[in-house]
Amino acid sequence: MQAIDAATVHRLCAGQVIVDLATSVKELLENSLDAQATHVEVKLKDSGLTSITITDNGHGIDTSSFSTLCRKHWTSKISRFEDLEHVSTFGFRGEALSSLCSVAQVTITTATRDSAPMGTELEYNMSGELTKQTQVARERGTTVRLTQLFAKWPVRHQDLKKNIRREYLRLVSLVEQYAIISDNVRVSLINQTRTGTTTHVRTVVQSDRLTRLLSVIGASLRPHMARIQHESTQDGDVKIDGYISQPIPEAGRSGSDKQYLSVNNRPCDVPHIKRLINETYRAYCPAKYPVFAISITLNAQTIDVNLTPDKRTILIRHEAVVLDALRKALGRVLEPEESVFSVNRVQTQIVAPSETVGGSPVQPQNVAPEHGDNAETGKRTVTVETSVPGVIRCFADDRTEPSRKRTANSVPEPHPVHSKKLKDPPAQPTVSAPRTRPTPALPTQPTASKKLQTMVIGNCRNRIQNDLCSWSQTRTRMQRKHARHMARLEESQDRSMHSEDIADAERGGVQNTDDPEQASRALSRLIHKTDFARMSVIGQFNHGFIVARQSSDLYIVDQHAADEKHNFEHLQRRAIISSQPLIQPTRLELSIVDEAVAIEHQSTLERNGFRIQVDDTQSPGHKVLLLSQPVIGQTVFSQQDFMELVGKLCVCPEAMPRCERARKMFASRACRMSIMVGDPLSVAQMSSVVNNLSQLDHPWNCPHGRPTMRHLYRLPL
């Protein structure tokens, strides 16, 4: 045996610290943040192949540190090992600059508060020794320039050139993480290529964490981001703060590329924490991954960050306590007891020719011409048939041109319905002058047929074609309803039209306001899960939706989605999957932790169809024998599903876990066994569907992510 020379040792260690483009920038970016910079600019030329320049306005480097700046294990962060328990900076090992000198050409320009505007340019060799020092003009701060990255490492240099696009995207993701967690710091990433200069990351100094997150993921997700918070000394001084996208399809992503986790303000990778977040989210939105930026603050003495040179892998002493606290915080956001629904306001006007009631023409009153409707066109506004406010059945009258005479045998063609839905009210509630509502007129002209053209329900318009009915058969019924509604409409006309804009604001406790968020709260309805049990059923619409009422608000419930979610959660909790014995038991090779979890939760695994046997004579990791595996229909589960269940039990041992394959099959079975669109329901059946929602863990969406309920209409006062 013989000792390895110092130069070889230096290169071997440097290759472990700086492994790719992202880590080279990460080390310099952390140095800038440790220097209390408020502006950090990362500028690459040709995605880093030509040069990498990091410029900051931190406190600079003192002249006494010039000669030792790039020497290995020289640092100002710690002086002894015990200092690790209290270190608050990103770096502390004293390896970054020394390793960068080994893999690239390093030039540093720096100036302190006392020396500015005079700075110093420093050049170092591969061993980290200072070779050249020049006076230059420089404001306070530091600039580090890297060139010829991995030029003397042929394998890594070739791999960098071959996969430069992939490496650059990893770099962008890394810079995004530091940009999000860095308060009062403007971070920018600029790439200069032959085709031009592109800025991929730019944050604002005076901005909160949500604003910085939206600058990375896009401002369109602002309405769908939910605050996640938890703080408790009972959980071992665990504090959780951040944002996560709501479990709805339009808020999630198809991949897990926008997930940012930090512990004690240090970006890191904790597999169990990310797995818990993703599995909890995908239980309610299985087709998408969440977008989140979550910061966890722990006692510094309970974590170990000195596991790997990049310090992204950490060890948490009480990880189970942290997971339990995070599970509680996620439960309040992803499994809410309440949900907010926006208030819909719908008005529909029908343009049709004048008709008569009882042989005398009915003249509309106080009708302002709209869309070019006037006396010359012969079109007038009439009332449509409706039995529930907000559910409007629009019929078209037959129309004959003035120049054409009707004959007894002629069958006029249906006139199209012109329906107009007024724009949604502004976010700021205001008081407007009273508006007039046209006096209803009931058409009684007998015709051969009528076509039901449009049905308007809240914000949903379902156009139904080829739905013909006899006008003579419906005239009597419509006349009775017309007489019943006339008194009600005349009584509430002035009052409802005058107070329509005021009502939304007053119900939310808001008068005229310039605060959009305050106005938005006033124009929304907060629904608790228990409110479903107090809703009264009005009826069924189109054999697909249940109209329910709570107080003065009407809600429309998707009968299929609601029943499907009830059946799905019932299967998730109580279903026992049958198993198929194996001809020859299979010995599983597990980690010691996974093996212990599997042995502890044998009953849970058996309910999922996996029967195991423990052989204590074998060595750790080889004690578990798989005797049978689950089967549903023609689908046989595999060992991969077993490992997925064990992983979920590691994260959440209290719940009844289901592997993704079983969950999809439960969702499919729940769909087939549920009430379908088109099924007519009795009042008792509709009440049962609505009441069942109050007993669910997450009643707001079906297993496939479709909402179960929407606000339909606010009844007049």
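Preceding this paragraph is the structure being described.
Predicted, not measured: the structure shown is a model, and the values here were computed from it.

Procedures and definitions
Within every chain, residues take consecutive numbers counted from 1 along the sequence as written. Local features in this predicted model are restricted to residues of pLDDT 70 or higher, and side-chain atom pairs are both shown and tallied only at a pLDDT of 80 or more, whereas totals for entire chains, interfaces and linings draw on every residue. Calculation of side-chain values draws on the structure's entire complement of heavy atoms; hydrogens and water are dropped beforehand. Numbering of helices and strands runs from the N terminus, with a helix taken as a DSSP run of H or I at least four residues long and a strand as a DSSP run of E at least two residues long. Exposure is judged per residue with a 1.4 Å probe applied to protein chains only, and the accessible area is read against the type maximum: over 50% gives exposed, under 20% gives buried, and values in between give partly exposed. Every residue pair with non-hydrogen atoms within 4.5 Å of one another is taken to be in contact. With residues, only the protein chains shown are counted as cover, and all accessible areas are computed by Shrake-Rupley using a 1.4 Å probe. Any pair of nitrogen or oxygen atoms within 3.5 Å is treated as a polar contact; in protein, a donor-acceptor pairing is required on top of that, and neighbouring residues in sequence qualify only through side-chain atoms on both sides. Salt bridges are counted wherever a side-chain nitrogen of Lys or Arg sits within 4 Å of a carboxyl oxygen of Asp or Glu. Only the contacting stretch of a helix is used when fitting its axis, a line to C-alpha atoms as for every element, and angles between N-to-C directions run 0 to 180 degrees. Handedness of a helix crossing follows the sense of rotation of the near helix relative to the far helix, less than a right angle counterclockwise being left-handed and clockwise being right-handed. When residue character is reported, Ala, Val, Leu, Ile, Met, Phe, Trp, Tyr, Cys and Pro are called nonpolar, Asp, Glu, Lys and Arg charged, and the others, Gly included, polar. Whether two strands pair depends on DSSP finding at least two bridges between them. Cysteine sulfurs are considered disulfide-paired once they come within 2.5 Å of each other. A residue counts toward a patch only above 30% relative accessible area and without a salt bridge, and it is joined to like-charged neighbours within 9 Å or, for Val, Leu, Ile, Met, Phe, Trp and Tyr, to nonpolar neighbours within 5 Å. An angle below 35 degrees is read as roughly parallel, one above 145 as roughly antiparallel, one from 65 to 115 as roughly perpendicular, and any other as oblique. Any pair of Phe, Tyr and Trp rings, taking the six-membered ring for Trp, is counted once the centres come within 6.5 Å. Such a pair is stacked with planes under 30 degrees apart, edge-to-face with planes over 60 apart, and tilted for the rest. Here, a charge over a ring is recorded when the distance from Lys NZ or Arg CZ to the ring centre is within 6 Å and its angle to the ring normal is within 35 degrees.

J.: Mind laying out the overall build of the protein chain, listing which residues take part and the relevant values?
T.: In terms of regular secondary structure, the protein chain is built from 16 helices and 34 strands. Classification of the 717 residues of the protein chain by burial places 48% in the buried group. Once local pairs closer than 6 in sequence are excluded, the contacts in the protein chain between residues at least 24 apart make up 70%. Total accessible area on the protein chain is roughly 36,100 Å²; 49% of this is exposed by carbon and sulfur atoms.

J.: Help me get a handle on the environment of K529, residues and values and all.
T.: Here K529 is to be found in the loop between β26 (524-528) and β27 (536-541). For the pair formed by K529 and D697, sequence separation is 168 residues and the distance between their alpha carbons is 8.8 Å. Polar contacts involving the side chain of K529 include one to the main-chain carbonyl oxygen of L696, which spans 2.9 Å.

J.: Outline the pattern of salt bridges, listing residues and values.
T.: Using the criterion set out here, one finds 24 salt bridges in the structure. Here E27 makes a salt bridge to K26, at a shortest N to O gap of 3.4 Å. Residue E27 shares its accessibility class with K26, and that shared class is buried. Among the ionic contacts, a cluster of salt bridges with common partners joins D20, D159, R166, E167 and R170.

J.: Outline the packing of helix α2 (residues 21-34) against helix α3 (residues 96-103), supporting the account with residue identities and numerical values.
T.: Here α2 crosses α3 at 145°, and the two axes come no closer than 10 Å. With respect to the hand of their crossing, α2 and α3 are arranged in left-handed fashion. On the side of α2, the interface is formed by S24, E27, L28 and N31, while α3 contributes A96, L97 and L100. Within the contact of α2 with α3, the residues separate by chemical class into 4 nonpolar, 2 polar and 1 charged.

J.: How would you sum up the sheet that holds β27? Please name residues and give values.
T.: Taken in spatial order, the 4 strands of this open sheet run β27-β28-β29-β34, and their pairing is antiparallel. In this open sheet, the two strands that pair with only one neighbour each are β27 and β34 (709-714). Averaged over all neighbouring strand pairs, the angle between strand axes comes to 30°, with direction disregarded. Across 6 bridges, the pairing between strand β28 (residues 545-550) and strand β29 (residues 553-558) is antiparallel. Counterpart to V547 in the pairing with β29 is I556. The sheet strands contacting helix α16 (residues 683-692) are β27 and β28, and the helix crosses β27 at an angle near 115°.

J.: Quick one: what's the story with the pairing of strand β11 (residues 259-263), residue by residue and with numbers?
T.: Where a strand is regular, its side chains alternate between the two sheet faces. The buried fraction of β11 amounts to 5 of the 5 residues, a majority that puts the element mostly inside the structure. Across 5 bridges, β11 lies against strand β13 (residues 292-297) in parallel orientation. Residue pairing for β13: V263 is matched across the bridge by I296. The sheet contact formed by β11 and strand β12 (residues 266-267) spans 2 bridges and is antiparallel. Bridge pairing in β12 places V263 opposite R266. What sits between the antiparallel neighbours β11 and β12 is a turn of 2 residues, in which N264 has the positive phi angle 55°.

J.: Quick one: what's the story with the state of the cysteines, residue by residue and with numbers?
T.: Within this structure, the stated rule accounts for 0 disulfides. Lacking any disulfide linkage, C702 is separated from the closest cysteine sulfur, that of C671, by 8.1 Å.

J.: Just give me the short version of the sheet that holds β13, but keep the residues and values in it.
T.: The 5 strands are arranged β9-β10-β13-β11-β12 in an open sheet whose pairing can be described as mixed. One side of each edge strand has no neighbouring strand; the edge strands of this open sheet are β9 (225-232) and β12. As paired strands, strand β10 (residues 238-245) and β13 are joined by 6 bridges and run antiparallel to one another. Directly across from I240, in β13, lies its bridge partner I296. Strands in contact with helix α5 (residues 164-181) are β11, β12 and β13; relative to β11, the strand with the most contacts, it is inclined by about 55°.

J.: Give a description of the pairing of strand β4 (residues 118-124) that names residues and reports values.
T.: Where strand β3 (residues 105-111) meets β4, 5 bridges bridge the pair, whose relative direction is antiparallel. Bridged to I108 within β4 is L122. From the end of β3 to the start of β4, which pair antiparallel, there are 6 residues.

J.: Hey, could you go over helix α6 (residues 209-217) for me, with residue numbers and the actual values?
T.: For α6, a buried count of 7 out of 9 residues is recorded, marking the element as mostly surrounded by other parts of the structure. Residues R209, L210, R212, L213, L214, V216 and I217 constitute the buried set of α6. Next to the buried residues of α6 lie α5, β9, β10, β11 and β13. Positioned one or two residues after α6, G218 has a phi angle of 110°, which is positive.

J.: So, a nonpolar patch on the surface: which residues are in play, and what are the values?
T.: Taken together, I4, V9 and L12 make up a surface patch of nonpolar side chains, about 270 Å² in accessible area. Here I4 lies in the segment before α1 (6-17). Judged by its relative accessible area of 51%, I4 is exposed.

J.: Could you give me a rundown of the side chain of T120, with the residues and numbers involved?
T.: Looking at the secondary structure, you find T120 in strand β4. A relative accessible area of 7% means that T120 is categorised as buried. The residues contacting T120, other than those within four sequence positions of it, are F66, I108, T109, T110, Q133, T134, Q135 and V136.

J.: Which residues make up the packing of helix α7 (residues 271-282) against helix α8 (residues 319-334), and what values do they have?
T.: Where α7 meets α8, the axes come as close as 10 Å, and the angle between the chain directions of the two elements is 25°. Taken together, the axes of α7 and α8 lie roughly parallel to each other. Here α7 runs over α8; the crossing is right-handed. Contact residues: H272, I273, L276, I277, T280 and Y281 in α7; E319, V322, L323, L326, R327, L330 and L334 in α8. Residues of the contact of α7 with α8, tallied by class, amount to 9 nonpolar, 2 polar and 2 charged.

J.: Mind laying out unusual backbone geometry, listing which residues take part and the relevant values?
T.: In the segment running from A116 into P117, the intervening peptide bond is cis, with an omega of 10°. Turning to its location among the elements, P117 is positioned in the loop between β3 and β4. Positive phi values are uncommon outside glycine, yet F150 reaches one of about 60°. Structurally, F150 is set in the loop between β6 (141-147) and α4 (154-162). Its relative accessible area of 1% is what places F150 among the buried residues.

J.: Could you give an account of the packing of aromatic side chains, naming the residues involved and the relevant values?
T.: To describe a pair of aromatic rings, one takes the distance between the centres and the angle between the planes. Under the definition given, this model contains 3 aromatic pairs. Ring geometry for F90 and Y178: centres 5.5 Å apart, planes at 65°, overall edge-to-face. You can see F90 sitting in the loop between β2 (51-56) and α3 and its partner Y178 sitting in helix α5, a full 88 residues away along the chain. With a centroid separation of 5.4 Å and 70° between ring planes, the pair formed by F610 and F642 is classed as edge-to-face. With F610 in the loop between α13 (602-607) and β31 (611-614) and F642 in helix α14 (residues 639-651), the pair connects residues that are 32 residues apart, well separated along the chain. It is R71 that lies over the ring of W74; its NZ or CZ is 5.8 Å from the centre. The positively charged end of R661 is found above the aromatic ring belonging to F637, 5.7 Å away from the centroid.

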